[in-house]
Amino acid sequence: MAFMRGKQQVEEIPMFEMIVWSCTNDVCKGWMRQEYSFSAEPACPLCQSGMIHETRLLPQLSHYIGS
């Protein structure tokens, strides 16, 4: 029996420019997608510092499972 390990083609995930909230604390690496924040100016969930807008290349999340 032969297996094709290593020869499988990996599907490339499309990346999109997304606006995120990024922590202003230099030591903290916290960030979140803008669409998942609950307030107009959120505090960092990890260190409670302020957050600023940034743009990152991220994969699009799918909200539908099994369809």
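Residues numbered from 1 in each chain as written. Predicted model: local features only at pLDDT ≥ 70, side-chain atom pairs only at ≥ 80, totals over all residues. Heavy atoms only, no water.

- Under an unreviewed UniProt entry, the name given to the chain is Cold-shock protein, and the organism recorded is Aneurinibacillus aneurinilyticus.

**Things to note about the overall build of the chain**
Link 1 in the chain: In terms of regular secondary structure, the chain is built from zero helices and three strands.
Link 2 in the chain: When the helices and strands of the chain are read in sequence order from the N terminus, they spell out β-β-β.
Link 3 in the chain: Among the 67 residues that make up the chain, the fraction classed as buried is 22%.
Link 4 in the chain: Partitioning the contacts of the chain with sequence separation of at least 6, the portion at a separation of at least 24 is 57%.
Link 5 in the chain: When the accessible surface of the chain is summed, it comes to about 6,100 Å², and 56% of that surface belongs to carbon and sulfur atoms. (Helix = DSSP H or I, 4+ residues; strand = E, 2+ residues; numbered from the N terminus. Buried < 20%, exposed > 50% of the residue type's maximum accessible area, 1.4 Å probe, protein only. Contact = heavy atoms within 4.5 Å. Areas by Shrake-Rupley, 256 points an atom, 1.4 Å probe, with all protein chains shown as cover.)

**Quick word on a nonpolar patch on the surface**
Link 1 in the chain: A contiguous nonpolar patch, built from Ile13, Met15 and Leu57 and spanning about 330 Å² of accessible area, is present on the exposed surface.
Link 2 in the chain: Tracing the chain through its elements places Met15 in strand E1 (residues 15-23).
Link 3 in the chain: Looking at Met15, the relative accessible area reads 45%, which means it is partly exposed. (Patch = residues over 30% accessible without salt bridge, like charges linked within 9 Å, V, L, I, M, F, W, Y side chains within 5 Å. Salt bridge = Lys/Arg side-chain N within 4 Å of Asp/Glu carboxyl O.)

**Some points on the side chain of Arg33**
Link 1 in the chain: Locating Arg33 in the fold gives a position in strand E2 (residues 31-33).
Link 2 in the chain: Here the side chain of Arg33 touches Pro59 through a polar contact of 2.9 Å, landing on its backbone oxygen.
Link 3 in the chain: When neighbours within four sequence positions are excluded, Arg33 is seen to be in contact with Met18, Ile19, Val20, Leu58, Pro59 and Leu61. (Polar contact = N/O pair within 3.5 Å; in protein donor to acceptor, adjacent residues only side chain to side chain.)

**So, the sheet that holds strand E3 (residues 51-59)**
Link 1 in the chain: What the three strands build is an open sheet, ordered E2-E1-E3; its pairing is antiparallel. Each of the sheet's edge strands pairs with one partner strand only, and the pair in question is E2 and E3. Put simply, the sheet's adjacent strands are angled 40 degrees from each other on average, direction ignored.
Link 2 in the chain: Pairing analysis gives nine bridges linking E1 to E3, with the strands arranged antiparallel. If you follow Trp21 over to E3, its bridge partner there is His53. (Pairing = 2+ DSSP bridges. Axes fitted to C-alpha atoms, helices over the stretch in contact; angles between N-to-C directions.)

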